[in-house]
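Okay, here's what each chain looks like letter by letter:
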Amino acid sequence: MLEAKNLRQCLNRIKAPWSPHKVTEFNGHDIMVVKVEGEFVWHSHSDTDDFFLVLSGRLILETERGTVELGEGDLYVVPRGVRHRPVAPVPTELLLIERAGTLNTGDIP
């Protein structure tokens, strides 16, 4: 049976911040939604880029190359190997795309 995925319904199921929920797969990548607030850890992904799309709220991506501020509808891809730390000063909802099996903490187990 064909069935569309509703991102709002997926987001409503999430209780813990910084804990991505897999919505579906696409060509070996996980499409995920996550609720975030506050600071995440500094990390990098040596073998993959890191995709962020803000669905609601505001996200600040601190990187070793500078800072990028994202609002609703904005997206940014952190290049592989670049150390970064996501910071959400307000409750924020994101869509993430990562290669299947990628740890969201990158080089930090």
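Our subject is the structure that appears above.
Calculation notes
- Residues numbered from 1 in each chain as written.
- Predicted model: local features only at pLDDT ≥ 70, side-chain atom pairs only at ≥ 80, totals over all residues.
- Heavy atoms only, no water.
- Phe/Tyr/Trp six-rings, centres within 6.5 Å; stacked < 30°, edge-to-face > 60°.
- Helix = DSSP H or I, 4+ residues; strand = E, 2+ residues; numbered from the N terminus.
- Buried < 20%, exposed > 50% of the residue type's maximum accessible area, 1.4 Å probe, protein only.
- Core = buried A, V, L, I, M, F, W, Y, C linked by side-chain atoms within 4.5 Å.
- Contact = heavy atoms within 4.5 Å.

**Thoughts on the packing of aromatic side chains**
Tallying each qualifying case throughout the model produces 1 aromatic pair. Here the aromatic rings of W18 and F40 are separated by 4.8 Å at their centres, their planes lie at 20°, and the arrangement is stacked. In this pair, W18 is assigned in the loop between α1 (7–12) and β1 (21–26) and F40 in the loop between β2 (29–39) and β3 (50–56), connecting sequence segments 22 residues apart. Across the pair, exposure class does not vary: W18 and F40 are buried alike.

**Section: the nonpolar core**
Ranked by internal contacts, the top residues of the largest apolar core, which has 15 residues, are V36, F52, L59, L61, L70, L94 and L96. Every element with two or more residues in this core is listed here: β2, β3, β4 (58–63) and β7 (84–99). If sequence neighbours within four positions are ignored, L94 has contacts with M32, V33, V34, V36, F52, L53, V54, L55 and L59. Within the second largest apolar cluster, 9 residues are counted, among which are C10, V33, F51 and L95.

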